[in-house]
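One-letter residues, chain by chain:
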Amino acid sequence: MGWAVALHGGAGDIPRSLPPDRREPRLATLRRCLDLATAALRSGRAALDVVELVVRELENCPHYNAGVGSVLTADGTVEMEAAVMDGNTLRCGAVSGLSTVVNAVSLARLVMEKTPHIYLAFDGAEAFAREQGVETKDPSHFITEANKERLRQAKEANRVQVDYTQPIPKDDNSRVGTVGCVAIDSAGNLATATSTGGLVNKMAGRIGDTPVIGAGTYANALCAVSATGVGEAIIRHTVARDVAALLEHAPPAGTLPGGRRRARRGRRAAGQGRAGGRVGRRRGGHGVQHHRHVQGVRHGGRPPRGGHLA
Amino acid sequence: MARWAIAIHGGAGVDPNLPEHRQEEAKRVLARCLQVGVDALRSGAAALDVVEAVVRELESDPFFNSGRGSALTRLGTVEMEASIMDGRGRRCGAVSGVSTVKNPVSLARLVMDKSPHSYLAFDGAEQFARDQGLEVVDNSYFITEDNVGMLKLAKEANSILFDYRIPLSGSETCGAQAVSSDNSHGNGMVMNGLPISIYAPETVGCAVVDSSGHTAAATSTGGLMNKMTGRIGDSPLIGSGTYACGACAVSCTGEGEAIIRSTLARDVAAVMEYRGAGLQEAVDYCVKERLDEGFAGLIAVSSTGEVAYGFNCTGMFRGCATEDGFMEVGIWE
């Protein structure tokens, strides 16, 4: 069976005019992560390991809104969240409200593997991180100058700014997003992981779609999905689960009128849909190994591009 | 005019040896709270207001595991969570890690109505409650003598084991193994790593369709006895513990982790939407096919005024009523 991997660094109204000095570092990171994933999959690593590996790299890149480089709450603090899910076993783990953990995605995996629970948040999650001995840093480590400026501007505009999308007049750097990765390994195992700092100027304590299984993150034996965009819209449309639910419950694509459209409608989220999806869909039988990187972003009224990997 | 319908629950996974007087008390509380909803629906209240009002009643009564009477964390504290969803527009609100708010379901509603977000947790949720002027009480208000005793027993049982329910290989039904695994308590039934005699049915919930055909659902819980602090279960998770849309409204209860893995509440709606199933058919399918090795139950109403429930464990405290005069309160099959 062929392996496949897809990753994303957030969705939104990214301007085509994004200057090269802002575009290139992000693209370079995506390419590096894709190479990393490809090498890992070629050498037989499990999908779950690969998605964790890739999301850790993206978390460590200050150009994306996860790990170092996470956007700031209204209080000027960082509250990171992440989730991971294994498609075959449906095992999953999630964390919210992290302020010191260097790689939130790895803590989510530890919640999955080392606790009887799925989801730990805030002080309890921080305490668990210390128990497990994962790498932690002072909260200031995660705060970048660019994000301080972003918060200042968001406060000036007196609004909660969607991390990736709202045009900020003076600073195109605001377009940084949630990160995620989906993979299927050559043994046919699917996995997904998503990580984020959330929204610029979010209220302290706000939880978005990323750690909510079925909303921002979901995998089963049919597909693996990582969503990004307006968290509140993704939650109420249970976007990640709905991609899987359509594959599972609906007749094969083509025989169901509007099947794809329904999935898309789910993503579009009733008029305020700024969301992108990532799907790794299992397709047995063909021996071709392939990978493709799709930057699934939606521009204005155009339908979402890409998002599917088969 | 559509026909209204209401279903409520007070948790799934009931000790088969629950004393008769406790069973009677449970039914009395359920009947009283159900009547609150029925009266509101008869007077034309909107589904969203009804689910909030009914869940407030259930929270305020110490019998069930939500609000006053919530299960205790490992540290002996209460950390409550709740969510609410309006089928119209699929608006939703949720809270976790609430420790002083008297009625978490109302805080969830305020998150939906008054914040730019749909989910707030821990200190941020508490701060928001104060900003909104909601009634707050000391954490000790929620702690009952019964639950202090239960926590002690739970600790003695060295419970909340590593998640033995997850199959390490293959897809054998580990539920059966879990039930027969080594535990010397009660009748051998285990839920969430707790002998059924200690397990506090997690959660209360309500699902309603009003006479305008609008649906709503709400769920509230203290979570799992002896849980790690910071643990979030299925109740506040839209699509897992709570869901409402144009087709139906659903509230789930039971082993939270199994409900999350199966996105149980959303799947009832998805089976109706994508397979064209009826309400009871969708409920039966999800309980049978979507719950892996976990124990859980759920209540549901359809936008056309049907009620349904289902569970795969010993029993579920529940009640339901419809406009044509049907009313039922029950615990066992």
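Residues numbered from 1 in each chain as written. Chains lettered and ligands numbered in written order. Predicted model: local features only at pLDDT ≥ 70, side-chain atom pairs only at ≥ 80, totals over all residues. Heavy atoms only, no water.

For chain B, the name recorded in an unreviewed UniProt entry is beta-aspartyl-peptidase, with Oryza sativa subsp. indica as its organism. Looking at the Subunit (unreviewed entry) heading of the UniProt record, one finds this comment for chain B: "Heterotetramer of two alpha and two beta chains arranged as a dimer of alpha/beta heterodimers." (UniProt positions renumbered as here; feature names shortened; annotations may be inferred.)

As recorded by an unreviewed UniProt entry, chain A carries the name beta-aspartyl-peptidase and is attributed to Oryza sativa subsp. indica. Under the UniProt heading Catalytic activity (unreviewed entry), the entry covering chain A gives this text: "Cleavage of a beta-linked Asp residue from the N-terminus of a polypeptide."

Caption draft 1: Representation of the overall build of chain B within the structure. From N to C terminus, chain B includes 9 helices and 15 strands. The burial tally for chain B puts 65% of its 333 residues in the buried class. Sequence-distant contacts, at least 24 apart, represent 69% of the contacts inside chain B between residues at least 6 apart. Just so you have it, chain B exposes about 11,000 Å², and 49% of that area is on carbon and sulfur atoms. (Helix = DSSP H or I, 4+ residues; strand = E, 2+ residues; numbered from the N terminus. Buried < 20%, exposed > 50% of the residue type's maximum accessible area, 1.4 Å probe, protein only. Contact = heavy atoms within 4.5 Å. Areas by Shrake-Rupley, 256 points an atom, 1.4 Å probe, with all protein chains shown as cover.)

Caption draft 2: Up close: the UniProt feature "binding site: substrate" (unreviewed entry) in chain A. All names here are of chain A. Using the residue numbers shown here, the UniProt feature "binding site: substrate" (unreviewed entry) corresponds to Arg206, Ile207, Gly208, Asp209, Thr228, Gly229, Val230 and Gly231. The annotated residues named above include Arg206, Gly208, Asp209, Gly229 and Gly231 as those lining the second largest cavity. Inspection of the secondary structure assignment puts Gly229 in strand E9 (residues 228–229). Structurally, Gly231 can be placed in helix H6 (residues 231–236). (1 Å grid on protein atoms, 1.4 Å probe; cavity = no way out; pocket = protein on both sides within 12 Å on 5 of 7 lines; lining within 4 Å.)

Caption draft 3: Quick peek at the pattern of salt bridges. Counted under the stated rule, the structure contains 35 salt bridges over all chains. Salt-bridge contacts for Glu248 of chain A lead to Arg290 of chain B; the nearest nitrogen and oxygen are separated by 3.2 Å. A residue pair is termed interchain when its members come from two chains, as with Glu248 of chain A in helix H7 (residues 239–249) and Arg290 of chain B in helix H9 (residues 279–290). Glu248 of chain A sits in the partly exposed class, given a relative accessible area of 23%. Residue Asp86 of chain B pairs with Arg91 of chain B through a salt bridge whose shortest N-O separation is 3.6 Å. Here Asp86 of chain B falls in the buried class, since its relative accessible area comes to 7%. Classification of Arg91 of chain B by relative accessible area gives partly exposed; the value is 32%. (Salt bridge = Lys/Arg side-chain N within 4 Å of Asp/Glu carboxyl O.)

Caption draft 4: Structural view of the packing of helix H8 (residues 264–275) of chain B against H9 of chain B. Residues and elements named next belong to chain B. As a packed pair, H8 and H9 sit with axes 9 Å apart at the nearest point and diverge in direction by 125°. The angle between H8 and H9 falls in the class oblique. With respect to the hand of their crossing, H8 and H9 are arranged in right-handed fashion. Contacts between H8 and H9 involve Leu264, Asp267, Val268, Val271, Met272 and Arg275 from the former and Leu279, Ala282, Val283, Tyr285, Cys286 and Arg290 from the latter. Residue composition of the contact of H8 with H9, grouped by class: 9 nonpolar, no polar and 3 charged. (Axes fitted to C-alpha atoms, helices over the stretch in contact; angles between N-to-C directions. Parallel < 35°, antiparallel > 145°, perpendicular 65-115°, else oblique. Left-handed = near helix turned anticlockwise from the far one by under 90°. Nonpolar A, V, L, I, M, F, W, Y, C, P; charged D, E, K, R; others polar.)

Caption draft 5: Up close: the sheet that holds strand E12 (residues 296–302) of chain B. Residue and element names in this part refer to chain B. Spatially, the 4 strands line up as an open sheet ordered E10-E11-E12-E13, and their pairing is antiparallel. Looking at strand neighbours, the two that pair on one side only are strand E10 (242–244) and strand E13 (307–311), the edges of this open sheet. Averaged over neighbouring strand pairs, the angle between their axes works out to 10° when direction is ignored. Note: E10 against strand E11 (residues 248–254), 3 bridges, orientation antiparallel. From the neighbouring strand, Thr242 faces E11, where its bridge partner is Ser251. Relative to the sheet, H8 contacts E10, E11 and E12, its axis offset from that of E11 by approximately 145°. The strands touched by H9 are E11, E12 and E13; relative to E13, the strand with the most contacts, the crossing angle is about 15°. (Pairing = 2+ DSSP bridges.)

Caption draft 6: Highlighting empty space enclosed by the protein. All names here are of chain A. Within the structure shown, the criterion is met by 6 cavities of 30 Å³ or more. Looking at the second largest cavity, its volume works out to about 70 Å³. Along the wall of the second largest cavity there are 12 residues; nearest its centre are Thr178, Thr196, Arg206, Asp209 and Gly229. (Points joined across faces, edges and corners; volume = space filled by probe spheres on them.)

Caption draft 7: Focus on the interface of chain A and chain B. Between chain A and chain B, the residue contacts involve 42 residues of the former and 47 residues of the latter. Together chain A and chain B conceal approximately 3,700 Å² of surface at their shared face, both sides included; 64% is due to carbon and sulfur atoms. Seen at the junction of chain A and chain B, the total is 3 salt bridges. Across the pair Arg266 of chain B and Asp242 of chain A runs a salt bridge whose closest N-O atoms are separated by 2.7 Å. Summed over the shared surface of chain A and chain B, the result is 18 residue pairs in polar contact (both at pLDDT 80 or more). (Buried area = accessible area lost by both parts, 1.4 Å probe. Polar contact = N/O pair within 3.5 Å; in protein donor to acceptor, adjacent residues only side chain to side chain.)

Caption draft 8: Looking closely at the UniProt feature "active site" (unreviewed entry) in chain A. UniProt feature "active site" (unreviewed entry): in the numbering of this structure it lies at Thr178 of chain A. Mapped onto the elements of the fold, Thr178 of chain A is located in the loop between helix H5 (145–156) and strand E5 (179–184).

Caption draft 9: Representation of the pairing of E12 of chain B in the model. All names here are of chain B. Among the 7 residues that make up E12, 7 are buried, leaving the element largely enclosed by the rest of the structure. Summarising the sheet, E12 and E13 pair through 5 bridges and their orientation is antiparallel. Directly across from Ala300, in E13, lies its bridge partner Ala308. Hairpin connection from E12 to E13: 4 residues lie between these consecutive antiparallel strands, with Gly305 at a positive phi of about 95°.

Caption draft 10: The packing of aromatic side chains, seen in detail. Under the defined criterion, the tally for this structure stands at 6 aromatic pairs over all chains. Centroid distance Phe122 of chain A to Phe122 of chain B: 5.4 Å. Interplanar angle 35°. Geometry classified as tilted. Here Phe122 of chain A, found in helix H4 (residues 122–132), pairs with Phe122 of chain B, found in helix H4 (residues 122–131), and the two come from separate chains. By relative accessible area, which is 10% here, Phe122 of chain B ends up buried. Measuring from centroid to centroid gives 6.5 Å for Tyr309 of chain B and Phe311 of chain B, while their planes differ by 10°, and the two rings are stacked. (Phe/Tyr/Trp six-rings, centres within 6.5 Å; stacked < 30°, edge-to-face > 60°.)

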